[in-house]
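# Fold and geometry: a report
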Amino acid sequence: MKSEKLTKVILFLSSLTILLVASGMIYSLAGGSVLAFKTFGIKFIYTSVWNPTEGSENYGALAFIAGTIITSVFALLVCLPLALSTALFIGEYYRDKPVSRIVGTMVDLLAGIPSIVYGLWGFYVLRPLIVDLGLSPQGYGIFTSGIVLAIMIIPYATSISTEIIKMVPNDLKEAAYSLGATRLEVITNVLIPNARSGIFASFILAFGRALGETMAVTMLIGNANVVPESLFATGNTMASVIANQFGEADGLKLSSLIAIGLLLFIITALINAAGKFIIKRFS
Amino acid sequence: MKKSLIIVAIAAIFASCGNGTKKQTGTEKSSVSLAAAGATFPQPFYNLIFKNYSEKTGVTVDYGGVGSGGGIRSLKDQVIDFGATDAYLSDDQAKEMPAEVVHIPTCIGAVVIAYNLPEVAELKLTNANLEDIFMGDIKKWNDPKIAASNPGVKLPDLAVTVVYRSDGSGTTFIFSDYMTKIGKRWAEKIGTGKSLNWPAGIGAKGNPGVAGTIKQTVGAVGYIGSEYSFAQSIATAKLQNAAGNFIEPTIESISAAAKGEIPADTRIMITNSTDADAYPISGMTWIILYKEQAYKGRTKEQAEATLKLLDWVIDTDAQLVAPQVHYAPLPASTVEKAKAILRSVTYNGEIILK
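Since the model is a prediction, treat every value here as computed from it, not as a measurement. (Residues numbered from 1 in each chain as written. Chains lettered and ligands numbered in written order. Predicted model: local features only at pLDDT ≥ 70, side-chain atom pairs only at ≥ 80, totals over all residues. Heavy atoms only, no water.)

Moving on to the sheet that holds strand E7 (residues 202-204) of chain B. Residues and elements named next belong to chain B. The strand order across the open sheet built from eight strands is E2-E1-E3-E11-E4-E8-E6-E7, with neighbouring strands paired in mixed fashion. Either end of the sheet is taken by a strand with one partner, and the two such strands are strand E2 (60-65) and E7. Across the sheet, the axes of successive neighbouring strands diverge by a mean angle of 25 degrees, strand direction being ignored. As judged from the nine bridges shared by strand E4 (residues 101-115) and strand E11 (residues 282-290), these two strands associate in the antiparallel manner. Paired with Cys107 across the strands is Thr285, a residue of E11. The strands touched by helix H2 (residues 43-57) within the sheet are E2, strand E3 (82-85), E4 and E11, with E2 carrying the most contacts at an inclination of about 170 degrees. In the packing of helix H14 (residues 332-342) onto the sheet, contacts are made with E4 and E11, and the angle to E4 comes to roughly 145 degrees. (Pairing = 2+ DSSP bridges. Helix = DSSP H or I, 4+ residues; strand = E, 2+ residues; numbered from the N terminus. Axes fitted to C-alpha atoms, helices over the stretch in contact; angles between N-to-C directions. Contact = heavy atoms within 4.5 Å.)

This next bit is on the pairing of strand E8 (residues 220-225) of chain B. Residues and elements named next belong to chain B. Burial analysis of E8 places six of its six residues in the buried class, which makes it a mostly covered element. The alternating pattern of E8 places Ala220, Gly222 and Ile224 and Val221, Tyr223 and Gly225 on opposite faces, both of which are buried. Pairing geometry for strand E6 (residues 161-165) and E8, over three bridges, is parallel. Its bridge partner lying in E8, Val162 is registered against Val221. (Buried < 20%, exposed > 50% of the residue type's maximum accessible area, 1.4 Å probe, protein only.)

All names here are of chain A. Put simply, helix H6 (residues 142-167) and helix H8 (residues 183-212) touch, their axes get as near as 8 Å, and they point 150 degrees apart. One element, H6, and the other, H8, form an angle in the roughly antiparallel class. As for how H6 packs across H8, the hand of that crossing is right-handed. In this structure, H6 uses Leu149, Met152, Ile153, Tyr156, Ala157, Ile160, Ser161, Ile164 and Ile165 to contact H8, whose residues at the interface are Leu191, Ala195, Gly198, Ile199, Ser202, Phe203, Leu205, Ala206, Arg209 and Ala210. Here the residues of the contact of H6 with H8 sort into 15 nonpolar, three polar and one charged. (Parallel < 35°, antiparallel > 145°, perpendicular 65-115°, else oblique. Left-handed = near helix turned anticlockwise from the far one by under 90°. Nonpolar A, V, L, I, M, F, W, Y, C, P; charged D, E, K, R; others polar.)

This brings us to the nonpolar core. Counting residues in hydrophobic clusters, the biggest one holds 162 residues, and the most contacted among them are Ile113(B), Ile133(B), Phe134(B) and Phe175(B). Counting residues per element, this core draws most heavily on H6(A), at 12 residues. Shared between two domains, this core takes at least three residues from each, and those domains are domain 1 (2-109 + 284-351) and domain 2 (110-282) of chain B. Among the nonpolar cores identified, the runner-up in size contains 10 residues, and Ala37(B), Ile80(B), Met97(B) and Val101(B) belong to it. (Core = buried A, V, L, I, M, F, W, Y, C linked by side-chain atoms within 4.5 Å. Domains from an automatic or database assignment.)

On to the domain arrangement of chain B. Residue and element names in this part refer to chain B. Domain assignment breaks chain B into domain 1 (2-109 + 284-351) and domain 2 (110-282). In this structure, domain 1 and domain 2 have C-alpha centres spaced 31 Å apart. Each partner contributes residues to the interface: domain 1 has 26 residues there, and domain 2 has 23 residues. Surface buried jointly by domain 1 and domain 2 totals about 2100 Å² across both partners, of which 64% is contributed by carbon and sulfur atoms. When the buried surface of domain 1 facing domain 2 is broken down by residue, Met284, His326 and Lys337 rank first, second and third, together holding 26% of it. Its salt-bridge partner being Asp91, residue Arg267 comes within 2.8 Å of it at the nearest N-O pair. For the pair domain 1 and domain 2, the number of links is five residue pairs in polar contact (both at pLDDT 80 or more). Of all the secondary structure elements, the ones that give two or more residues to the side of domain 1 that touches domain 2 are helix H3 (68-76), E4, E11 and H14. With four residues, E4 is the single largest residue contributor to the side of domain 1 that touches domain 2. Looking at side-chain class alone, the side of domain 1 that touches domain 2 contains 16 nonpolar, seven polar and three charged residues. (Buried area = accessible area lost by both parts, 1.4 Å probe. Salt bridge = Lys/Arg side-chain N within 4 Å of Asp/Glu carboxyl O. Polar contact = N/O pair within 3.5 Å; in protein donor to acceptor, adjacent residues only side chain to side chain.)

Residue and element names in this part refer to chain B. With respect to the helices, strands and loops of the structure, Leu310 is situated in helix H12 (residues 300-313). Judged by relative accessible area, which is 2%, Leu310 ranks as buried. Spatially, the C-alpha atom of Leu310 lies 14 Å from that of Ala37, the residues being 273 residues apart in sequence.

Bringing the packing of aromatic side chains into the picture now. Counted by the stated rule, this structure contains 28 aromatic pairs over all chains. Here Trp50(A) and Phe64(A) contribute two aromatic rings whose centre-to-centre distance is 5.0 Å and whose plane-to-plane angle is 90 degrees, an arrangement assigned as edge-to-face. Here Trp50(A) is found in strand E1 (residues 50-51), whereas its partner Phe64(A) is found in helix H3 (residues 62-93), with 14 residues between them in sequence. A relative accessible area of 1% means that Trp50(A) is categorised as buried. Arranged with centres 4.9 Å apart and planes meeting at 40 degrees, the rings of Tyr53(B) and Trp312(B) form a pair that is tilted. Remark: Trp312(B) occurs in helix H12 and Tyr53(B) occurs in helix H2; sequence separation between them is 259 residues. Grouping residues by exposure puts Tyr53(B) and Trp312(B) together as buried. Three or more aromatic residues joined by ring pairs make a cluster, and in this case those are Phe41(B), Phe45(B), Tyr46(B), Phe50(B), Tyr63(B), Phe82(B) and Tyr327(B). Over the aromatic face of Phe123(A) sits the side chain of Arg127(A), whose NZ or CZ is 4.9 Å from the ring centroid. Just above the ring of Tyr93(A) sits the side chain of Arg183(A); from NZ or CZ to the centre is 4.5 Å. (Phe/Tyr/Trp six-rings, centres within 6.5 Å; stacked < 30°, edge-to-face > 60°. Lys NZ or Arg CZ within 6 Å of the ring centre and 35° of its normal.)

Written out as structure tokens, the structure reads:
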């Protein structure tokens, strides 16, 4: 009985630690951003000036919010067909065949590559390619970082979707086949409807990862603090402006960067909540 | 059984904590190890000379390259023996410090204009050219304004891509200080700072980031710390100094920039120097420390070690090493002023260096 009690205490303490850490983070982010919100008010969220020059300091987060959302949504749109097809390939079409095991391992391998390596690849391989194709004069911008982000989040969406697709009961599929359904019909009418909430959840997770990615994006987005005008324009994201500028920041600027961190936290939380809500509605 | 294990584990944790604090107070008493933090720009120089110094005297210096802002913050929090910064403390910043801080210049660096035009071996830029390029007004390299400064040079029909530091940086501070001095439009619209509201171009992190981006992008132009560009032999533009001469950035032309009038507290930007041979975008870097060294339980031994080290840093031994790592040494007149400042630093009101 003693060990029962001990387990309970350990589990309780671990959960409590998570709670404390999360609320401590929110507390310190909120505390640090008070100065920025006091100075600029709600304007901080919808203006895009980022002027750190002493004397005329003025900060607004719109450029970074826009950059973050646009790159992440673009990455998700690119990732969606690729990840879903790969998941179906591994989880259904070539299930338990050697080829699907190879593809599956490669997908997991992609997940293990550090983001700086993706950044390097984007910088030295993808970016010159974009210049050669004439899409943009120097190759930095939303498009380049979006593509790299898409590749980075594919493994997250793929491996969870694969597991979910594999979990669809065989009875259901066999019933459909016995009624004369083709493979495509089984996928669209049985597999996807049954697995959709799990697949959706996997894309929410992937999207969350894209929102917070820092290093690879910083190397490729151009770090121009403006609202991007086109897909090939340069921009900046919330995570990368923080990574770039916190080192030399103090006072109002530091507070503004912390406020951006808080906003990023809130955006991620909102997207997670929306995802959970949608999953509940569907299943 | 399990319970006793946990008790042992907890006891071990507490014991290790206790050890840690004991150790810390222990080193404070013996005081042969100094902690410093700050600018990354002079870090290669500091790393080299601090190593030399510790081989000579046994005093070890732990220098953290956390940026000028971080150096100032650490000194303000009184967690280090001295800080390092590329931008001297403004009067407002000095007021925010808990006690009076003195500045000791240690070496001189410069900001060079690097470019990537494979067919242009030598590029001259006037101050007006610089302003037009970095304000985003000159969009093509074959613009007649650039051509006018470079007679006989065939400039390509390429887009100008400005590359700047996306992180806050002393390099940006020195560059923008110069631009503010020479450009009216720049002074009005952009001003001076460690990071700026850039009108054009793309940002990259750190000197290596800017240099790498320029190297990879044909038609790019940007500013880089001289110590980095010298080490990497990057193509740099000749700039027009206050005397009207086009000057190539070299150790000699950078050192010449500090030959002018330096105030007694050494807090001055030496950009746009009036010396005829000076490279115009040069700047000193400083070590900052409290004038009263008795704070937060620091021992007299520690204060003496700090002062002796700094006195050595500005002396011939260390200054001769500077060009090896691509920094310009301080001219004799500046060293004299710095030595006088060091001799005003006290411990409990008593002058430390005699």
